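Fold and contact review
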Amino acid sequence: MPSRGAAGSGTGSGGSGSGRSTPVALVTGCSAGGIGHALCLFLRSRGCRVFGTVRRGGAAPELEEAGVTVVGGIDVAREADCAAAVAAVLEAAGRLDILVNNAGVVALGPSCEVPMDVVRRTFEANVFGLLQMCQAAHRPMVAQGGGKIINIASLTGLQPVPLRGIYSSTKAAVVRLSDALRIELRPLGVQVACVCPGFINTRARDNARSNCAPPTGGLWGGWLAALERTMAARLARAVPVDAYAAQLGEVILRERLPRVWIGRCAGLEWLPRWLPAPLRDRALAKALAINELEPELRANAAELAASWPESSKKGS
Ligand SMILES: NC(=O)c1ccc[n+]([C@@H]2O[C@H](COP(=O)([O-])OP(=O)(O)OC[C@H]3O[C@@H](n4cnc5c(N)ncnc54)[C@H](OP(=O)(O)O)[C@@H]3O)[C@@H](O)[C@H]2O)c1
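Notes on the structure follow. (Residues numbered from 1 in each chain as written. Predicted model: local features only at pLDDT ≥ 70, side-chain atom pairs only at ≥ 80, totals over all residues.)

1. Brief notes about the nonpolar core
If you look at the biggest cluster of nonpolar residues, it comprises 83 residues, and the most contacted ones within it are Ala25, Leu39, Cys40, Val89 and Ala137. Ignoring any residue separated from it by four or fewer positions in sequence, one finds Ala25 in contact with Leu43, Cys48, Val50, Phe51, Asp97, Ile98 and Val100. (Core = buried A, V, L, I, M, F, W, Y, C linked by C-beta atoms within 7 Å. Buried ≥ 20, exposed ≤ 12 C-beta atoms within 10 Å, placed from the backbone. Contact = placed C-beta atoms within 7 Å.)

2. Notes on the packing of helix α4 (residues 116–144) against helix α5 (residues 165–185)
At a minimum axis distance of 9 Å, the contact between α4 and α5 shows a crossing angle of 15 degrees. By the angle between their directions, the pair α4 and α5 is classed as roughly parallel. With respect to the hand of their crossing, α4 and α5 are arranged in right-handed fashion. The segment α4 lies against α5, with Val119, Thr122, Phe123, Asn126, Val127, Leu130, Leu131, Cys134 and His138 engaging Ile166, Tyr167, Thr170, Lys171, Ala173, Val174, Leu177, Leu181 and Leu185. Residue composition of the contact of α4 with α5, grouped by class: 13 nonpolar, four polar and one charged. (Axes fitted to C-alpha atoms, helices over the stretch in contact; angles between N-to-C directions. Helix = DSSP H or I, 4+ residues; strand = E, 2+ residues; numbered from the N terminus. Parallel < 35°, antiparallel > 145°, perpendicular 65-115°, else oblique. Left-handed = near helix turned anticlockwise from the far one by under 90°. Nonpolar A, V, L, I, M, F, W, Y, C, P; charged D, E, K, R; others polar.)

3. Describing the site of the ligand
Close contacts around the ligand come from 30 residues, with Gly29, Ser31, Gly34, Gly104 and Thr202 the closest. Where the shell around the ligand is concerned, the elements lending two or more residues are α1 (35–45), α4 and α6 (204–211). Classifying every residue of the shell around the ligand gives 14 nonpolar, 12 polar and four charged. (Near = placed C-beta within 6 Å.)

4. A short note on α5
In a regular helix each residue adds 1.5 Å, so 21 residues correspond to 30 Å; α5 covers 30 Å between its end C-alpha atoms and thus fits that length. Of all the positions in α5, only Ile166, Tyr167, Ser168, Ser169, Thr170, Lys171, Val174, Ser178, Leu181 and Leu185 are classed as buried. (Expected span 1.5 Å × (residues − 1).)

5. Some remarks on α1
Counting buried positions along α1 gives 10 out of 11 residues, so the element sits mostly inside the fold. Looking only at α1, the buried set comprises Ile35, Gly36, His37, Ala38, Leu39, Cys40, Leu41, Phe42, Leu43 and Arg44. Gly47 sits one or two positions beyond α1 and adopts a positive phi of about 90 degrees.

6. Description of unusual backbone geometry
Even without being a glycine, Leu163 presents a positive backbone phi close to 70 degrees. You can see Leu163 is positioned in the loop between β6 (147–152) and α5. Of note in this structure, Ala289 is not a glycine but carries a positive phi near 60 degrees. Position of Ala289 relative to the elements: it lies in the loop between α9 (277–287) and α10 (294–307). According to the C-beta neighbour criterion, Ala289 is partly exposed, with 14 such atoms within 10 Å.

Structural data, given as structure tokens:
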């Protein structure tokens, strides 16, 4: 069951699209250091009444100080928790104008080698959790005459990235799901937007390690090390989380939500989508510095073949 901290209340206007002066917003995954946390503070500073969910107690003391209501003990992978989070908002505020589905985890590693329990956990949080929140929130929004749902996907949902295939595929699912939700909910007064950030400076890299032990070795060992180096080098260019949350918050408070919004952010994945797929794949491999490692990959394959039972080899 969720627990609640000090109730926040807002007084300003924010253009929730529901015609009320104080929009009520619920943001999932708001522990300190992340986009959800920074977005709660931004929306609060703009006069919204804001509720932010966290999984663990004590994960966001700054939010309560700012007047954000922290709804604790919410794991979006659990359907009952999603329903409880929405119920907590309705009980305290009587309505829900803005739902931001921000909670998510990163899974790293070659798609064929990521343990299936990690794959399932990642889909549970990023896709099923997000959908469960939409299922819990849409009826109150329709009944009150409108609302906004903002789903946080990723640039990797638009452009898949090697060694992040599992994460990319969860985010691609969020992009498509948001498209369907937008069409289904628009006639009922609920707007849906999909947000695809690039590289934002948050705790996501550390959190990825707790979702899944950093993979090493295996067939793609060299690629993993190269990607790690490239990402570390790019961290310096990552967009500060507060700046990104402020850009995003402004978009959320507009009267009309865009279909897909990316914002100003650094992203390796941001290659022109009009490029033919083979060219795009090659450009991405170059940007990630994994292109020159193909000989090493083939050497790993040869080593595997040498140790493989003769009877199961092709043509034997
Ligand atoms: N940072 C980027 O560059 C970037 C780029 C593209 C997309 N995104 C997306 O932006 C969103 C926010 O990420 P972030 O960068 O701010 O990372 P973050 O700092 O790791 O924040 C993720 C938040 O989601 C929560 N969470 C994870 N699994 C959950 C679950 N099953 N139930 C409830 N809460 C859960 C985490 O809670 P705990 O603290 O309890 O783990 C944390 O509060 C994610 O959807 C992420 O995929 C981020």
